[in-house]
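Spelled out from the first residue to the last, the chains are:
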Amino acid sequence: MDTDKTTLPVAAADGPEDAGSFTTVKSKKSQKRKREAGGADMETEGPGAPKRPQFPAISSDKLRGPDEMRKVSVPAHRYTPLKENWLKIFTPIVENLQLQVRFNLKTRNVEIKTCKETQDIGSLTKASDFVKAFVLGFQVEDALALIRLDELFLESFDVTDVKPLKGDHLSRAIGRIAGKGGKTKFTIENVTKTRIVLAETRKVHILGSFQNIKMARTAICNLILGSPPSKVYGNIRVVASRTAERF
């Protein structure tokens, strides 16, 4: 017999006249489900139903919390450029981002601090990234893009992370990245819409969007591994054209 049926025929026992008739009796499972559904409706629709808590709006002063500070250390070889371009660095941080900034002569750090006029919480991160980009070697005009645009990032890696090179082999790898008169570096920057800095003896810094940084990093890694520049040019142009078509 099938036990999942919701109705079962039962003979009526009222009298001899109704002996041949049947009445349908609902199963206990269906009755129980209906009761549960009805109880849920009563809970949600009844006058005693729990209401959602309503909290008052938080003011911007309470949301901001105490003043925060970021420190960006400045290496010795960037003291002079920082002094010459200090007004260009100071103006957007104070006027546009509503922050306080100073250069601590004792600790040799650029200190950035929030104040009462600071409206955006993320302004402190933008300002620290802007100063950090300048300290790494980027021009002030290029580093300003970190303040104006949201989807820009900084990425740094070491040449020896790609391939362990020493001596003349390391110098030749850096020469392949730069090219004659910086031609290779400028070509990669223009095709991938990024900015590249070759710092110290083996550091590479890239400024751009996530997708563009990926293309530039792939091209630089291929140059480090020994690919000829002509082949690298062709590869990045193909990838750049594909991404342009996709967007």
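Here, every reference points to the structure presented above.
Now for a description of the structure that goes with this document. Worth saying up front: this structure is predicted, and the values here are computed from it rather than measured.

### Remarks on the pattern of salt bridges
This model, assessed by the stated rule, comprises 7 salt bridges. Residue Glu111 is joined to Arg102 by a salt bridge in which the shortest nitrogen-to-oxygen separation is 2.7 Å. Glu111 sits in the buried class, given a relative accessible area of 6%.

### A closer look at the sheet that holds strand E5 (residues 109-113)
The 3 strands lie next to each other as E3-E5-E4, forming an open sheet whose pairing is antiparallel. Pairing within the sheet leaves two strands with one partner each, and these edge strands are strand E3 (69-73) and strand E4 (100-104). Direction aside, the axes of adjacent strands within the sheet are offset by 20° on average. Bridge count between E4 and E5: 5 bridges; the pairing is antiparallel.

### Quick look at the sheet that holds strand E8 (residues 203-208)
In space, the 3 strands of this open sheet follow the order E6-E8-E7, with antiparallel pairing throughout. Every interior strand has two partners, whereas the edge strands, strand E6 (153-158) and strand E7 (195-199), have only one. Taken over all neighbouring pairs, the strand axes of this sheet differ in orientation by 15° on average, direction set aside. Strand direction decides the pairing type here: E7 and E8, joined by 5 bridges, are antiparallel. What sits directly across from Ala199, in E8, is Lys203.

### Notes on the environment of Asn104
Note on placement: Asn104 falls in strand E4. For the pair Asn104 and Ser73, spaced 31 residues apart in the sequence, the C-alpha separation amounts to 9.7 Å. In contact with Asn104, other than residues within four places in its own chain, are Asn109 and Glu111. A distance of 3.1 Å separates the side chain of Asn104 from the backbone nitrogen of Lys106, its partner in a polar contact. At a separation of 3.0 Å, a polar atom in the side chain of Asn104 contacts the side chain of Glu111.

### Regarding the nonpolar core
Among the nonpolar cores identified, the biggest contains 27 residues, and Ile89, Ile93, Leu99, Val110, Ile112, Phe130 and Val131 are the most heavily contacted of them. Put simply, the parts of the chain that give this core at least two residues each are helix H4 (86-96), E5, helix H5 (123-136), helix H6 (140-143), helix H7 (145-148) and E7. No other element matches H5, which puts 7 residues into this core. With residues up to four places along the chain from it excluded, the contact list for Ile93 reads Gln98, Leu99, Val101, Ile112, Ala127, Phe130 and Val131. Among the nonpolar cores identified, the runner-up in size contains 18 residues, and Ile177, Ile196, Val204 and Ala219 belong to it.

Reading the values: rules and limits
Residues numbered from 1 in each chain as written. Predicted model: local features only at pLDDT ≥ 70, side-chain atom pairs only at ≥ 80, totals over all residues. Heavy atoms only, no water. Salt bridge = Lys/Arg side-chain N within 4 Å of Asp/Glu carboxyl O. Buried < 20%, exposed > 50% of the residue type's maximum accessible area, 1.4 Å probe, protein only. Pairing = 2+ DSSP bridges. Helix = DSSP H or I, 4+ residues; strand = E, 2+ residues; numbered from the N terminus. Axes fitted to C-alpha atoms, helices over the stretch in contact; angles between N-to-C directions. Contact = heavy atoms within 4.5 Å. Polar contact = N/O pair within 3.5 Å; in protein donor to acceptor, adjacent residues only side chain to side chain. Core = buried A, V, L, I, M, F, W, Y, C linked by side-chain atoms within 4.5 Å.

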